[in-house]
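# Remarks on the overall topology
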Amino acid sequence: FSPIPPPPTEHLTGRQPVPTCRPTFPIRKFSIRFMKRRWLSRRLPFMTASAPPSPSRAAPAAAVPAGPRLLLLFAVALLLYADQNLMSPNLSAIAKDLGLSEEERDWKLGGLVSAAFFTLGAPAAVAIGAAADNPKYNRVSLLLFVVLLGELPCLATLAVKSFPQLLVLRTLTGIAIGGSMPVVMSLLGDWLPRERRTAASAVFSVVASAGASLGNPVAAVFGRENWRVPFAVVA
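What you see is a predicted model, and the numbers here were worked out from it, not measured in a lab.

What follows deals with the overall build of the protein. When its secondary structure is counted, the protein shows 11 helices and two strands. When the helices and strands of the protein are read in sequence order from the N terminus, they spell out β-α-β-α-α-α-α-α-α-α-α-α-α. When burial is assessed residue by residue, the protein has 32% of its 235 residues classed as buried. Surface exposure of the protein reaches about 14700 Å², of which carbon and sulfur atoms provide 66%.

Roughly 220 Å³ of volume is contained in the largest pocket. At the level of elements, α4 (66-81), α8 (139-156) and α9 (163-191) are the ones that each hand at least two residues to the lining of the largest pocket. In terms of residue class, the lining of the largest pocket is built from nine nonpolar, no polar and one charged. Lining the second largest pocket are Q84, N85, M87, S88, L91, L109, G110, V113, S114, F117, F118 and R170. It is helix α6 (residues 102-119) that provides the largest number of residues to the lining of the second largest pocket, a total of six residues. Here the lining of the second largest pocket is built from residues that sort into six nonpolar, five polar and one charged.

Running from N to C, helix α7 (residues 121-133) and α8 cross one another at 155°; their axes reach a closest spacing of 9 Å. In terms of orientation, α7 and α8 fall into the roughly antiparallel class. The chirality of how α7 crosses α8 is right-handed. Across the interface between the two elements, I128, A131, A132 and D133 from α7 touch R139, L142 and V146 from α8. For the contact of α7 with α8, the residue count by class is five nonpolar, no polar and two charged.

This part takes up the nonpolar core. Counting 26 residues, the largest nonpolar core has L143 and L188 as the members making the most contacts within it. Listing elements by their share of this core, those giving two or more residues are α4, α7, α8, α9 and α10 (194-222). Per-element accounting of this core gives the leading share, seven residues, to α9. If you look at the next biggest cluster of nonpolar residues, it comprises 19 residues, including L86, V160, L166 and W227.

Turning our eyes to something else, we now look at a nonpolar patch on the surface. On the surface, a cluster of nonpolar side chains totalling about 460 Å² of accessible area is made up of L144, L148, L152, L155 and L158. Relative to the elements of secondary structure, L144 occurs in helix α8.

Let us now look at the pattern of salt bridges. Taken as a whole and assessed by the stated rule, the structure comprises five salt bridges. Close ionic contact of D97 with R228 constitutes a salt bridge, the shortest N to O distance being 2.5 Å. On the criterion of sequence distance, the pair formed by D97 in helix α5 (residues 91-98) and R228 in the loop between α10 and α11 (229-234) is long-range, its members being 131 residues apart. Notably, a salt bridge pairs R139 with D190, separated by 2.8 Å at the nearest N-O pair. Of this pair, R139 sits in helix α8 while D190 is found in helix α9, placing the two residues 51 residues apart along the sequence. Judged by its relative accessible area of 12%, R139 falls in the buried class. Relative accessible area serves as the criterion here: at 15%, D190 is assigned to the buried category. One network of salt bridges, in which partners are shared, links D133, R139 and D190.

With that out of the way, let us pick up the packing of aromatic side chains. Taken as a whole and assessed by the stated rule, the structure comprises three aromatic pairs. Here the aromatic rings of W227 and F231 are separated by 6.1 Å at their centres, their planes lie at 90°, and the arrangement is edge-to-face. Across the pair, F231 and W227 agree in class, each one buried.

Rules of the game
- Residues numbered from 1 in each chain as written.
- Predicted model: local features only at pLDDT ≥ 70, side-chain atom pairs only at ≥ 80, totals over all residues.
- Heavy atoms only, no water.
- Helix = DSSP H or I, 4+ residues; strand = E, 2+ residues; numbered from the N terminus.
- Buried < 20%, exposed > 50% of the residue type's maximum accessible area, 1.4 Å probe, protein only.
- Areas by Shrake-Rupley, 256 points an atom, 1.4 Å probe, with all protein chains shown as cover.
- 1 Å grid on protein atoms, 1.4 Å probe; cavity = no way out; pocket = protein on both sides within 12 Å on 5 of 7 lines; lining within 4 Å.
- Points joined across faces, edges and corners; volume = space filled by probe spheres on them.
- Nonpolar A, V, L, I, M, F, W, Y, C, P; charged D, E, K, R; others polar.
- Axes fitted to C-alpha atoms, helices over the stretch in contact; angles between N-to-C directions.
- Parallel < 35°, antiparallel > 145°, perpendicular 65-115°, else oblique.
- Left-handed = near helix turned anticlockwise from the far one by under 90°.
- Contact = heavy atoms within 4.5 Å.
- Core = buried A, V, L, I, M, F, W, Y, C linked by side-chain atoms within 4.5 Å.
- Patch = residues over 30% accessible without salt bridge, like charges linked within 9 Å, V, L, I, M, F, W, Y side chains within 5 Å.
- Salt bridge = Lys/Arg side-chain N within 4 Å of Asp/Glu carboxyl O.
- Phe/Tyr/Trp six-rings, centres within 6.5 Å; stacked < 30°, edge-to-face > 60°.

Below you can see the structure in the form of structure tokens.
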């Protein structure tokens, strides 16, 4: 408290006046707090301003009902995952057509192609999953990119004339299959409420397994005359 001297009254009353006081500390405290907040707002905006809301990644509900979108998504996943086992029933025919010996058939077609297919698919899942979390990328467009990356090499297998060409095409398909998983899971989270996501994820796992199992009979049925035909059928 700071004393405020009153006007002189000694000549009127003849008594010594009692000094009056007024509180100045709350005002000073408010001034310091205001100046501190103003300083923080200028130099550290995140300390005082509220964070803007993150943009919604959910697809508009009125655009397409969730049922048709899920059916299309599962159908695409079924055909994409069927690409994994299209070579297994026709390894001998592929080796003969590409001029590979039995030993080369085992370690090139059975080992090297499979290693490139699955080894590069794992880091691709991490990279494409990070892109799916980035708001700059549309997840539906990202899924379309992944599907094209997997199916166009399958279609291009019709023109394969050498083992290096086949290796490159199968590697691209493996990258697409590995990267499709995080994109599909993120889309299920966008399209469905929380109570339905677990069941949809389980259905997707069944579809992916069915697609991987579908590759063998497709290759066995359509690859009798030409081992390249099953790749075009699935694509």
